[in-house]
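# Structure at a glance
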Amino acid sequence: MSSKLSGLLSATFAEPAYDHLVELVHQRDATAHRRLTSVRMSAHDAKGREVLALEVDPAREIFDLGAALGARSEPRVMVLFDARYDAAIFPYRPHHYAYLHARGAADAPLYYAVNATLGGVPDRIGATNINNIETYVFRPRAFAERYSVMLGNVSRFATAQAQVIAYYGTERVGHQVEVPPKAHAETPLAADLEGVRLSRVETKAPFRLASYVVGRRAESRQLVLFDHLFTYAK
Amino acid sequence: MSDVADPPLDTLLLCYCTNLTVGELREACRARRWPPAGKEQTGKLCTGCLGDLRYCLERFGHHARD
């Protein structure tokens, strides 16, 4: 193990009544299972106030985020995982992965890569593209009835002014979002504009934010899409 | 929130890509040696720390712009 540890700060969003599991290190080699060195988890309400913080046992393969959060009054919290690790444990771009399923729902569970918001792009993997401009292309056939983008600011000091731009064919609709440190916001996107379906969304910010595209059932508002955006430039 | 001028924040990891702490940034600015060797990519990889980096550079009296 090298003497210099790497840092990774990942962010996701959590709502009440979901099973939400986070795989700290994705690996199949049970006989040589490697661990993060440390993980601190914190949860923040929409205004950025820390509502929960705890040290996660890095020996765990799976962290039960839903159980850790318990029954909370906040409709949504931003959850940060502040990890230290030896670079050798991630042969791929460093990420945690997660399982998400509304309790009792008939919809399929969702699997996603937890947004690696600070770090996770070491020089060795060559991921040096600008990544504060991101995009997401929707499937041609609609399957969620309400769409939105969730943005969270993991900074300690800096407020971010972000833009969310939804595309409908050749038309576009822009939204301005201000997110103070540790605050977060959900920006609804109309599913269509004068009969033209939502085809793409972009986010632009002065620095990288935690960002997810969201799709929900209209009545239950349960999540059927929860995915990160992709860097705009390749 | 603690103020960035407070020494207790010196161990805070500012750039997760280059392992730069607030204290290292403060010292580099004090010595007029920003960026220090090996930290040139600070704020340029994941970009997530860029807002905090600019905030701290201003607070620590570094006014040069790239």
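Residues numbered from 1 in each chain as written. Chains lettered and ligands numbered in written order. Predicted model: local features only at pLDDT ≥ 70, side-chain atom pairs only at ≥ 80, totals over all residues. Heavy atoms only, no water.

### Describing the domain arrangement of chain A
Residue and element names in this part refer to chain A. What the domain assignment reports for chain A is domain 1 (6–124) and domain 2 (133–231). If you look at the interface, domain 1 gives 27 residues, while domain 2 gives 26 residues. Both faces combined, the contact of domain 1 with domain 2 buries some 2,200 Å², and carbon together with sulfur accounts for 59% of it. Residues Asp107 and Arg217 are paired through a salt bridge, measuring 2.8 Å at the closest nitrogen-oxygen approach. Counting the contacts that link domain 1 with domain 2 gives 13 residue pairs in polar contact (both at pLDDT 80 or more). For the side of domain 1 that touches domain 2, the secondary structure elements donating two or more residues are strand E1 (6–14), strand E6 (77–85), strand E7 (97–102), strand E8 (110–113) and strand E9 (115–119). By residue class, the composition of the side of domain 1 that touches domain 2 is 17 nonpolar, five polar and five charged. (Domains from an automatic or database assignment. Contact = heavy atoms within 4.5 Å. Buried area = accessible area lost by both parts, 1.4 Å probe. Salt bridge = Lys/Arg side-chain N within 4 Å of Asp/Glu carboxyl O. Polar contact = N/O pair within 3.5 Å; in protein donor to acceptor, adjacent residues only side chain to side chain. Helix = DSSP H or I, 4+ residues; strand = E, 2+ residues; numbered from the N terminus. Nonpolar A, V, L, I, M, F, W, Y, C, P; charged D, E, K, R; others polar.)

### Here's the deal with the confidence of the model for chain B
For chain B, per-residue confidence averages 86 on the pLDDT scale, and 83% of positions sit at 70 or higher. In the predicted complex, the global pTM is 0.92; the interface-specific ipTM is 0.88. (pLDDT = per-residue confidence, 0-100.)

### Examining the sheet that holds strand E5 (residues 62–64) of chain A
All names here are of chain A. Taken in spatial order, the four strands line up as E5-E2-E7-E8 in an open sheet, and their pairing is antiparallel. Pairing within the sheet leaves two strands with one partner each, and these edge strands are E5 and E8. Direction aside, the axes of adjacent strands within the sheet are offset by 20° on average. The sheet contact formed by strand E2 (residues 18–23) and E5 spans three bridges and is antiparallel. Following the sheet pairing, Leu21 is matched in E5 by Asp64. (Pairing = 2+ DSSP bridges. Axes fitted to C-alpha atoms, helices over the stretch in contact; angles between N-to-C directions.)

### Describing the packing of aromatic side chains
Between two aromatic rings, the relevant description is the distance of the centres plus the angle of the planes. Residues and elements named next belong to chain A. Evaluation of the coordinates by the stated rule reveals ten aromatic pairs over all chains. Here Phe63 and Phe81 contribute two aromatic rings whose centre-to-centre distance is 5.9 Å and whose plane-to-plane angle is 85°, an arrangement assigned as edge-to-face. Taken as a pair, Phe63 in strand E5 and Phe81 in strand E6 lie far apart in primary sequence, 18 residues in all. For Phe81, a relative accessible area of 0% puts it in the buried group. Aromatic ring contacts, followed pair by pair, group Phe13, Tyr112, Tyr212 and Phe226 into a single cluster. (Phe/Tyr/Trp six-rings, centres within 6.5 Å; stacked < 30°, edge-to-face > 60°. Buried < 20%, exposed > 50% of the residue type's maximum accessible area, 1.4 Å probe, protein only.)

### A look at helix H2 (residues 50–59) of chain B
Residue and element names in this part refer to chain B. Residues of H2 that are buried: Leu50, Gly51, Asp52, Leu53, Cys56 and Leu57. On its buried side, H2 packs onto strand E1 (13–15) and helix H1 (22–30). Just beyond H2, the residue with positive phi is Gly61, at close to 85°.

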